[in-house]
Amino acid sequence: MKGDGSEYLCLIILLLHQTSVSRPERFQILVPADPVVADAGEDVVLPCYLEPSISAEDMEVEWVRPDSADALVYLYLDRENKNEKQSPSYRGRTALFPEELKKGNASLRLTGVRGSDDGQYKCFIQSQLWYEDAFVSVRVRAVGIEPVISMEGYREGGIGLLCESKGWYPEPELIWLDSEGHSLPAGPTETLRDSMDLFIVRRSVIVQKGDTNRFSCQVLQKQLKQEKETEFHIPGE
Ligand SMILES: *[C@@H]1O[C@H](CO)[C@@H](O)[C@H](O)[C@H]1NC(C)=O
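Residues numbered from 1 in each chain as written. Predicted model: local features only at pLDDT ≥ 70, side-chain atom pairs only at ≥ 80, totals over all residues. Heavy atoms only, no water.

The line we're drawing: UniProt positions are given in the numbering used here, feature names are shortened, and annotations may be inferred rather than shown by experiment.
Going by the annotation in an unreviewed UniProt entry, the name recorded for the protein chain is Ig-like domain-containing protein, with Megalops atlanticus given as the source organism. In its Subcellular location (unreviewed entry) section, UniProt records this for the protein chain: "Membrane". UniProt, in its Sequence similarities (unreviewed entry) section for the protein chain, records the words "Belongs to the SKINT family."

Section: the site of the ligand
As a reminder, the rule being used: Only heavy atoms are used to decide nearness, and a residue is near a molecule or strand if one of them lies within 4 Å of it. Each polar contact in these results corresponds to two N or O atoms within 3.5 Å; when the atoms are within protein, one needs to be able to donate a hydrogen and the other to accept it, and residues that are neighboring in sequence are counted only if both atoms are side-chain atoms. Only the protein chains shown count as cover for residues, with accessible areas throughout obtained via the Shrake-Rupley method and a probe of 1.4 Å.
For the ligand, the full set of nearby residues is Tyr49, Phe97, Glu100, Asn105 and Ser107. Contact between the ligand and Asn105: an oxygen atom at 2.3 Å from a side-chain N or O atom of the residue. Protein contacts shield 52% of the accessible area of the ligand, which totals 360 Å² for the unbound molecule.

Looking at the state of the cysteines
Two cysteines whose sulfur atoms are joined by a covalent bond form what is called a disulfide. Our working rule: Defined by distance alone, a disulfide is two cysteine sulfur atoms within 2.5 Å. Only DSSP runs of H or I covering at least 4 residues are called helices, and only runs of E covering at least 2 are called strands; the numbering of each starts at the N terminus. Think of it in three bands: with a 1.4 Å probe and only protein chains considered, a residue is buried below 20% of the maximum accessible area for its type, exposed above 50%, and partly exposed in between.
A complete count under the given rule lists 2 disulfides for this structure. For Cys48, the disulfide goes to Cys123, at an S-S distance of 1.9 Å. Sign of the S-S torsion, about -75° for the bond between Cys48 and Cys123, identifies this disulfide as left-handed. Of the two residues, Cys48 is situated in the loop between strand S3 (44-46) and strand S4 (49-51) and Cys123 in strand S10 (residues 119-126); the sequence distance between them amounts to 75 residues. On the basis of relative accessibility, which here comes to 0%, the residue Cys48 falls in the buried class. On the basis of relative accessibility, which here comes to 0%, the residue Cys123 falls in the buried class. Here Cys163 engages in a disulfide with Cys217; their sulfurs sit 1.9 Å apart. Across the disulfide from Cys163 to Cys217, rotation about the S-S bond amounts to roughly -75°, and the bridge is consequently left-handed. Remark: Cys217 occurs in strand S17 (residues 214-221) and Cys163 occurs in strand S13 (residues 158-168); sequence separation between them is 54 residues. Under the relative-accessibility criterion, Cys163 is labelled buried at 0%. Look at the protein chain and number its bonded cysteines as they come in the sequence; the links are 1-2, 3-4.

Quick notes on the environment of Gly158
Defined as follows: Residues are treated as being in contact if the distance between any of their heavy atoms lies within 4.5 Å.
Looking at the secondary structure, you find Gly158 in strand S13. With relative accessibility at 8%, the residue Gly158 sits in the buried group. Between the alpha carbons of Gly158 and Ile206 there is a distance of 5.7 Å; along the sequence they are 48 residues apart. Sequence-distant contacts of Gly158, defined by excluding residues within four places in its chain, comprise Gly153, Ile206, Val207 and Gln208.

Put into structure tokens, the structure is as follows:
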């Protein structure tokens, strides 16, 4: 009987089948090259997914902060969230997307973005035979409110004025200006953090009464190209 080649085809299929079974199921992790911009107070998705897009449901997915001693942001293991050791600042604010996990998408959702969320994250995925990790960076952005100026009374031969502006990220610069827009020598800038880890800046200046009695406080955030300014008029006597 003359062969029609089908036995060879069977052999090839068998060989292909064997190689795909015996080879470890390798994968790569894909993350964005550019930082993910996150507006304070909003929610953000930190992308991380497998290539090829095999299911990650039976894998371990771990998100950590490499710049703070690998603090745990999120852990998925044995098909469950294992967040007993989660860093307190992430409690109740993180989740994966269960439907997406089946498609190899282990992106993390972070709700109510704070200043302290700024920085690097590591996405680590491990199957029984293989693991990979990749870094995602998050840039938190918050434009603060108009500066508020208050009068601190007479001091050191002039009048003390204090300027304060809240709700910035990253930290802005604060300068005092005279009525002609010239920068005034002022005290050191005091920096504080609010409950959302955003910056509060404060700076005082001592001014002399002059022709206009108008002074301005300007807060500049150069990376965000944002500026807020408030003018103050010292009332006569
Ligand atoms: C992964 O899931 C997130 C959330 O649903 C989605 O925004 C993102 O586009 C998904 N990425 C891929 C590559 O499918």
